[in-house]
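Observations on the model geometry
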Amino acid sequence: MDSRHPQHPGLPRELTPEAEAEAVHGGNRAGRIEVRGIDRVPDAERHGRPRDLFWVWFAANITYLYFLLGGFVLLTGLNPWQSIAVVVVGNLYWVGVGALAVSGPASGTPGVVVTRAMFGVRGNRPLSAGIGWLIAVAYEAVNLALGALAGFALAAHLGLPVSTPVKVTVLLVIAAATFAISVYGHATIVRVSPWFTALLAAAMVLLAVFVVGHTRTDYAPPQPLHGTSLLTALCLGVALIAAVPLSWANGADYARYLPATTSKRSVLLNTALGAFVPAVLLGVLGVLAGTSIDMADPQANLAAIVPGWFYPVFLFVVVFSSLTNNVLTAYSSGLCLQSVGMRASRSRTVLIDAVLSVGIAGYALFVSDFIDSLNNILAVTVVVLAPSMALYVTDIVLRRNRYDGVTLHDETPTSRHWYRAGFNVAGTVAFALGTVASLLCVNTTVYQGLLSRAMGGADLSFLSGPLLTAAVYAVLWRRSERGADRG
């Protein structure tokens, strides 16, 4: 008689329902702290459906940041239709995030482990996990600051004195709620995401009704752009919008618990659409709002176009959406720290990130100009994020998404992914050249590349870096893999 479990062959047939659930989920159950970090998820613990990813990404991306960015695009001098086109084009980079997610079920590991195949065991630590961690912490700080600003305004609306102690308290409360969910981990995030989606979507639908009702159909920029000035504004806008999806190189982190046989197409579409739909809709709302209010300070000026009862609701939604977006970011940043080499559990690495991001957010709120800081972070991160995503996607295509999670976790000099002294020359060179190409074409308030100056200020970093990275890696890849096979 076959003693194997009929649905999970790796388990005994005779198990109580409670024991079976514990074995299948391996401690990854809603309401319990997830026990796994960057280690491979065994086949017996794989569960869930691709459509779960849609709600995870939808909930994380119903956020005020996209509304803000839509208004920023209009402020560059574009007309509403041009601004909407920029919002759509910039958010097409979510397809790349969906493409990265397909490596999760194939490998059973998070993205920062899969990238060992591209950079090598040693090279992966600074070039993928290290850079990814720094950028994740920066975005955590941005989201905390956005939520805290709304929290300050909500406190003032309720008649509370917005003193420094009150501001610090608001920031700490938002941080505590955010990082608590991230500490609990994957199953809890999946469980609460549909509820978060429903709550935030309902509020944003109401916001849309009020914004559309006040949209000025006769709006035109003070000085319509033409020729080089128009091209420059379009490129700057796309680079600004694209910076957000480019920062999510962690699609595999939330797909790695799915069975290895899960449809790649379903994983890609549910991940990409779950983020693309709210990002575009909220970006468009930001553009439309900019036709009737000054989007340089939308949080204060929005009160002019929404009913008095809705304004505090809106502020609460801004606070809550910053939390839902940060949950995924904090979860992945903890995995990055583990992949760098920190010997700590995933839950503890999340807490380390919490302390750092709160400190950075506090600096942005109390010392620096937050809007300038936000624009600089978004623009500068494209320089490394765009080549990084292109490298990852190209590797998935070249390998046909064939990743061995066990081999990826071998960090010894005999590892197939050790390459030369722990570095994959193909990935390292392609990434370096792509980053240089992005630097030459970027245009920010803190730095402008030589080619951007020659092009009249146009920012093509979101194109130049990825294209060169993909081309160089495709040329060098086969030689690199032959060397790995010989090793």
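Cut-offs applied
- Residues numbered from 1 in each chain as written.
- Predicted model: local features only at pLDDT ≥ 70, side-chain atom pairs only at ≥ 80, totals over all residues.
- Heavy atoms only, no water.
- Helix = DSSP H or I, 4+ residues; strand = E, 2+ residues; numbered from the N terminus.
- Rg over C-alpha atoms; globule rule 2.2 N^0.38 Å.
- Buried < 20%, exposed > 50% of the residue type's maximum accessible area, 1.4 Å probe, protein only.
- Contact = heavy atoms within 4.5 Å.
- Areas by Shrake-Rupley, 256 points an atom, 1.4 Å probe, with all protein chains shown as cover.
- Lys, Arg positive; Asp, Glu negative; His and termini not counted.
- Charge placed at Lys NZ, Arg CZ, Asp CG, Glu CD.
- Patch = residues over 30% accessible without salt bridge, like charges linked within 9 Å, V, L, I, M, F, W, Y side chains within 5 Å.
- Salt bridge = Lys/Arg side-chain N within 4 Å of Asp/Glu carboxyl O.
- Polar contact = N/O pair within 3.5 Å; in protein donor to acceptor, adjacent residues only side chain to side chain.
- Expected span 1.5 Å × (residues − 1).
- Arc of directions from axis to C-beta.
- Core = buried A, V, L, I, M, F, W, Y, C linked by side-chain atoms within 4.5 Å.
- Axes fitted to C-alpha atoms, helices over the stretch in contact; angles between N-to-C directions.
- Parallel < 35°, antiparallel > 145°, perpendicular 65-115°, else oblique.
- Left-handed = near helix turned anticlockwise from the far one by under 90°.
- Nonpolar A, V, L, I, M, F, W, Y, C, P; charged D, E, K, R; others polar.
- Disulfide = S-S within 2.5 Å.

**Comments concerning the overall build of the chain**
Helices and strands together make up the secondary structure of the chain, namely 22 helices and zero strands. For a compact globule of 487 residues, the expected C-alpha radius of gyration is about 23 Å, and the chain comes in at 23 Å, within 12% of that figure. Along the three orthogonal principal directions, the C-alpha set of the chain runs to about 75 × 55 × 40 Å. In the chain, which comprises 487 residues, the share counted as buried stands at 57%. Pairs at least 24 apart in sequence give 83% of the contacts found in the chain among residues at least 6 apart. With the model as given, the accessible surface of the chain reaches about 19,900 Å², and the carbon-plus-sulfur share is 66%. Placing the 31 positive and 25 negative side-chain charges of the chain at their respective mean positions leaves the two points 8 Å apart.

**Considerations on a positive patch on the surface**
A cluster of basic residues, Lys264, Arg400, Arg402 and Arg478, forms a positive patch at the surface. Mapped onto the secondary structure, Lys264 falls in helix H14 (residues 264-289). Under the relative-accessibility criterion, Lys264 is labelled partly exposed at 49%.

**A short note on the side chain of Asn325**
Structurally, Asn325 is set in helix H16 (residues 310-340). For Asn325, the side chain forms a polar contact with the main-chain oxygen of Ala60, separated by 2.6 Å. Beyond its immediate sequence surroundings of up to four residues, Asn325 is in contact with Ala60, Asn61, Thr63, Asn143 and Trp248.

**Looking at helix H4 (residues 80-91)**
The end-to-end C-alpha distance of H4, which contains 12 residues, comes to 17 Å, matching closely the 16 Å that a straight helix rising 1.5 Å per residue would cover. The complete set of buried residues in H4 reads Pro80, Ser83, Ile84, Val86, Val87, Gly90 and Asn91. Seen end-on, H4 carries its buried residues on one side only, within an arc spanning 155°.

**Considerations on the pattern of salt bridges**
Two side chains with opposite charge may pair up if their charged atoms get near one another. Enumeration over the complete set of coordinates arrives at 11 salt bridges. Between Glu34 and Arg256 there is a salt bridge, with its nearest N and O atoms 3.2 Å apart. With Glu34 in the loop between helix H1 (17-25) and helix H2 (50-61) and Arg256 in the loop between helix H13 (251-255) and H14, the pair connects residues that are 222 residues apart, well separated along the chain. Each member of the pair, Glu34 as well as Arg256, is classed as buried. Put simply, Asp52 and Arg49 hold a salt bridge, and the shortest N to O gap is 3.4 Å.

**Points about the environment of Val393**
Mapped onto the secondary structure, Val393 falls in helix H18 (residues 370-399). On the basis of relative accessible area, Val393 is assigned to the partly exposed category, the value being 25%. Between the C-alpha atoms of Val393 and Ala470, which are 77 residues apart in sequence, the distance is 8.4 Å. What Val393 contacts, discounting residues up to four positions off in sequence, is Gly96, Ala99 and Leu100.

**Brief notes about the side chain of Ser339**
Looking at the secondary structure, you find Ser339 in helix H16. Those residues in contact with Ser339 that lie beyond four places of it in its chain are Ile38, Val112, Arg116, Asn124, Arg125 and Ala129.

**Quick word on the nonpolar core**
Counting 132 residues, the largest nonpolar core has Trp57, Phe67, Trp94, Leu207 and Phe314 as its most contacted members. By residue number, the principal contributor to this core is H16, which donates 16 residues. When neighbours within four sequence positions are excluded, Phe67 is seen to be in contact with Leu207, Val211, Leu282, Leu285, Gly286, Ala289, Met295, Pro298 and Leu302.

**Observations regarding the packing of H4 against helix H12 (residues 227-246)**
At a closest axis distance of 8 Å, the pairing of H4 and H12 adopts a crossing angle of 40°. As the angle between them shows, H4 and H12 are arranged oblique. At the point where H4 passes H12, the crossing takes the right-handed sense. Along its contact with H4, which presents Gln82, Val86, Val87, Val89, Gly90 and Asn91, the element H12 presents Leu230, Leu234, Gly237, Val238, Ile241, Ala242 and Pro245. When grouped by side-chain class, the residues that make up the contact of H4 with H12 number nine nonpolar, four polar and no charged.

**Considerations on the packing of helix H3 (residues 64-75) against H4**
Interhelical geometry of H3 versus H4 gives an angle of 130° and a closest axis separation of 9 Å. The pairing of H3 with H4 is recorded here as oblique in orientation. Viewed along their axes, H3 and H4 form a crossing whose handedness is right-handed. Counting all contacts with H3, which are made through Gly70, Val73 and Leu74, the residues of H4 involved are Pro80, Ser83, Val86 and Val87. Residue classes in the contact of H3 with H4 are distributed as five nonpolar, two polar and no charged.

**Here we look at the state of the cysteines**
Tallied over the full model, the rule gives zero disulfides. With no disulfide of its own, Cys441 lies closest to Cys235 among cysteine sulfurs, the gap being 9.8 Å. Cys441 gets classed as buried once you look at its relative accessible area, which sits at 6%.

**What about a nonpolar patch on the surface?**
Judged by side-chain polarity, Val436, Leu440, Leu450, Leu451 and Met455 come together as a nonpolar surface patch covering roughly 410 Å² of accessible area. Every element with two or more residues in the nonpolar patch is listed here: helix H20 (425-441) and helix H21 (450-454). Summarising the element assignment, Val436 is placed in helix H20.

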